[in-house]
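So the chains spell out like this:
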Amino acid sequence: MREMKESGVTWVGKIPAAWEMKTIKQLMIERVEKNKELEVNTILSLSAKDGVTLYNSENHSGNKPREDLSDYKIVRENDIVVNSMNILSGSVGLSAYTGVVSPVYYIYYPRDDGNVEYFHYIFQCFEFQRSLRGLGNGILIKETESGGLNTIRMRIPSQKLGAQEFPYCSRKEQDRIVAALEASAKKVDALIANQEAQIVKLKAYKQSLITEVVTKGLNPNVPMKSSGVEAIGSIPQHWKIYRTKFVADAIFKGNGITKDEVVEDGDIQCIRYGEIYSKYDGSFEKTYSRTNESAITSPQYISSGDILFAGTGELVEEIGKNVVYTGKEPCLAGGDIIVLKHSQNPIFLNYALYCTSSQTQKSKGKAKLKVVHISASEIGNVIIALPPLDEQNAIAEYLDKKCEHISRLIEIKKKKIESLTQYKKSLIYEYVTGKKEVM
């Protein structure tokens, strides 16, 4: 076991005795080339998940680039790109491209003979990113359109970031560390990809199972007939086809509940439309949010069994996502939520309005829209297949059991991914700080 010494930097801890601590500015040069001559017109994007990628306006939900790229910074191949406002959440990447990025980014490349991939791994260290807290010029919290909160970290000045220290070893050892990490990361990434692929398959199976059962029933030997609706296909002969508005007792929109009106000790439950996407899956008895009833003008109440649809979304395939409220306490529906009251089995009807044939109808004609809206009228025109109430009850019970089992399997796989991701992060930290020796 090799001799270790204190690095003098809290997040690093001990390093090998032969190693040094050097500032980013000592190890790397900040590239500040402006695109004044419009030398480069390839726009790059950066995210914590995907690193540096080519900007694609079709699937990019962030800020749009300027039309004039002359003030943008040039990135060269094998440069490290850092988002000065989001590095604390892991927004850093090694570029495989030459392109341009917004002026809020910092671009670095090694001095002398440093291995850029070694430095990139240090930038990726969660411990390093966490150590940067407090270096920025403040924190701004903004409410999203869906009712959530975005924490926007103000820019970390270049001088402060450049003054941070990295563990530094010989180029030969840097190369060995990079090779070891690449080999280990390749194995871990393959395991993660396998779990992600299984989750995709499970979700697809769940969706196909729901669609099959709510349009074909549980008896495979029952006589069938054409539904007359392409998205639905054939249905049991004794089932009927309805537009949702003819099944509904009422369809109406909720009333706006602002972030400030959501309070932890509120006297009534409430749900906001963004929570339908982010908080609930299928059904819910208790809400994550509460408000004070007296603070809401013209409150819209929901009751047990009511089905709620998100009226706005960013993904066409999820537009009008629906959940069913199964609780008993009074509850308020926020703005951009469409409420459906009815006299059917609520669990069955919720599945029927969530299945692929219903989602296909909800998304019809909306594929090219950036932000997708759906109205109460459009929800009312969704066509579903409706069996007698006793079959609705049996189907609801069957699907609940099946879907609960699938959801458990998905959660197990998500936990495996989380464990593998943490293991990969720990490997990076152990190697780049010399605590794990490359043999």
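Residues numbered from 1 in each chain as written. Predicted model: local features only at pLDDT ≥ 70, side-chain atom pairs only at ≥ 80, totals over all residues. Heavy atoms only, no water.

**Student:** Sorry, what's going on with the overall build of the chain here?
**Tutor:** Helices and strands together make up the secondary structure of the chain, namely 11 helices and 29 strands. Once the C-alpha set of the chain is aligned to its principal axes, its extents read approximately 80 × 50 × 45 Å. Across the 439 residues that make up the chain, the buried fraction comes to 44%. Summarising the internal contacts of the chain: among those between residues at least 6 apart in sequence, 73% fall at separations of at least 24. (Helix = DSSP H or I, 4+ residues; strand = E, 2+ residues; numbered from the N terminus. Buried < 20%, exposed > 50% of the residue type's maximum accessible area, 1.4 Å probe, protein only. Contact = heavy atoms within 4.5 Å.)

**Student:** Is there a simple way to think about the sheet that holds strand 18 (residues 248-253) in this case?
**Tutor:** The 5 strands are arranged 18-27-23-25-20 in an open sheet whose pairing can be described as mixed. What marks the edges here is a single partner per strand, and that holds for strand 18 and strand 20 (283-284). The pairing of strand 23 (residues 307-310) with strand 25 (residues 322-325) spans 3 bridges and is antiparallel. Paired with L308 across the bridge in strand 25 is V323. Sitting on the sheet, helix 8 (residues 346-354) touches strand 23, strand 25 and strand 27 (337-342), and the angle it makes with strand 25 is about 175°. (Pairing = 2+ DSSP bridges. Axes fitted to C-alpha atoms, helices over the stretch in contact; angles between N-to-C directions.)

**Student:** Help me out: how do you make sense of the sheet that holds strand 8 (residues 80-83) in this one?
**Tutor:** Consider a sheet: its strands pair through backbone hydrogen bonds, and that pairing is either parallel or antiparallel. Reading across from one edge, 4-11-8-9 is the order of the 4 strands in this open sheet, with antiparallel pairing throughout. Each edge of the open sheet is held by one strand with a lone partner, namely strand 4 (28-31) and strand 9 (92-94). Strand-to-strand twist of the sheet, defined as the mean angle between neighbouring strand axes without regard to direction, takes the value 25°. Where strand 4 lies against strand 11 (residues 105-110), 4 bridges are found, and the strand directions are antiparallel. What sits directly across from M28, in strand 11, is P110. Contacts between helix 2 (residues 116-124) and the sheet are confined to strand 4, strand 8, strand 9 and strand 11, with strand 9 contributing the most and set at about 165° to the helix.

**Student:** Help me understand the packing of helix 2 against helix 5 (residues 171-216), please; the structure alone is not making it clear to me.
**Tutor:** How two helices sit against one another is set out by the angle between their axes and by the gap between those axes. It is the contact of helix 2 with helix 5, at a shortest axis distance of 8 Å, that shows an interaxial angle of 60°. It follows that helix 2 is oblique to helix 5 by the angle criterion. Read as a crossing pair, helix 2 and helix 5 show a hand that is left-handed. Across from E117, Y118, F119 and Y121 in helix 2, the residues of helix 5 making contact are Q174, I177, V178, L181 and E182. (Parallel < 35°, antiparallel > 145°, perpendicular 65-115°, else oblique. Left-handed = near helix turned anticlockwise from the far one by under 90°.)

**Student:** Which parts of the structure should I look at to understand helix 9 (residues 356-363)?
**Tutor:** Every α-helix winds through 3.6 residues per turn, so residues three or four apart in the chain are directed the same way. Taken as a whole, helix 9 has its buried residues at S357, S358, Q359, K362 and S363. Backbone geometry just after helix 9 places G365 at a positive phi near 80°.

**Student:** Teacher, can you tell me more about the environment of P387 here?
**Tutor:** Residue position: P387 is located in the loop between strand 29 (383-386) and helix 11 (389-432). Of the residues examined, P387 reaches a relative accessible area of 5% and is grouped as buried. Residues within four places of P387 in sequence aside, it is in contact with W239, F348, Q392 and I395.

**Student:** What is the right way to look at the confidence of the model for the chain in this model?
**Tutor:** The predicted coordinates ought not to be read in detail in places where the model reports low pLDDT. Per-residue pLDDT for the chain has a mean of 90; in total, 92% of the residues score no lower than 70. Overall, residues 140-151 carries pLDDT values under 50, and its contacts beyond four positions in sequence, including any with other chains, amount to 24 contacts. (pLDDT = per-residue confidence, 0-100.)

**Student:** How should the nonpolar core be read in this particular structure?
**Tutor:** Nonpolar side chains in soluble globular proteins tend to be buried together. Of all hydrophobic cores here, the largest spans 44 residues; its most connected members are V214, L353 and L399. Filtering out sequence-adjacent residues up to four positions away, L399 remains in contact with L209, I210, V213, V214 and Y351. Within the second largest apolar cluster, 40 residues are counted, among which are V12, Y106, Y121 and I156. (Core = buried A, V, L, I, M, F, W, Y, C linked by side-chain atoms within 4.5 Å.)

**Student:** Looking at this model, I keep getting lost on unusual backbone geometry. Mind explaining?
**Tutor:** Most peptide bonds take the trans form, and the phi angle of most residues other than glycine is negative. The backbone of D112 shows a phi angle near 50°, a positive value even though the residue is not glycine. Residue position: D112 is located in the loop between strand 11 and helix 2.

**Student:** Sorry, what's going on with the packing of aromatic side chains here?
**Tutor:** Describing an aromatic ring pair means giving the distance of the ring centres and the angle of the ring planes. In total, this model carries 10 aromatic pairs according to the counting rule given. With a centroid separation of 6.5 Å and 50° between ring planes, the pair formed by W11 and Y429 is classed as tilted. Within this pair, whereas W11 is found in the loop between strand 1 (4-6) and strand 2 (14-16), its partner Y429 is found in helix 11, the two being separated by 418 residues in sequence. Residue Y429 is classed as buried on the basis of its relative accessible area, which comes to 13%. Plain terms: the ring middles of F123 and F166 are 5.2 Å apart, the flat faces sit at 85° to each other, and that makes the pair edge-to-face. Remark: F166 occurs in strand 14 (residues 165-168) and F123 occurs in helix 2; sequence separation between them is 43 residues. Here the two residues F123 and F166 agree in accessibility, since each one is buried. What links up through ring pairs into an aromatic cluster is the set W11, Y108, F123, F128, F166 and Y429. A cation sits over an aromatic face here: K279 above Y288, 5.2 Å from the ring centre. (Phe/Tyr/Trp six-rings, centres within 6.5 Å; stacked < 30°, edge-to-face > 60°. Lys NZ or Arg CZ within 6 Å of the ring centre and 35° of its normal.)

**Student:** Which parts of the structure should I look at to understand a negative patch on the surface?
**Tutor:** Together, E264, D265, D267 and E293 make up a region of like negative charge exposed at the surface. Here E293 is to be found in the loop between strand 21 (289-291) and strand 22 (301-302). Overall, the relative accessible area of 32% leaves E293 in the partly exposed class. (Patch = residues over 30% accessible without salt bridge, like charges linked within 9 Å, V, L, I, M, F, W, Y side chains within 5 Å. Areas by Shrake-Rupley, 256 points an atom, 1.4 Å probe, with all protein chains shown as cover. Salt bridge = Lys/Arg side-chain N within 4 Å of Asp/Glu carboxyl O. Lys, Arg positive; Asp, Glu negative; His and termini not counted. Charge placed at Lys NZ, Arg CZ, Asp CG, Glu CD.)

**Student:** Sorry if this is basic, but what is going on with the side chain of K362 here?
**Tutor:** By secondary structure assignment, the location of K362 is in helix 9. Within the structure, K362 has its side chain in polar contact with the backbone oxygen of G320 (distance 2.8 Å). The residues contacting K362, other than those within four sequence positions of it, are F309, I319, G320, N322, L353, I374 and V382. (Polar contact = N/O pair within 3.5 Å; in protein donor to acceptor, adjacent residues only side chain to side chain.)

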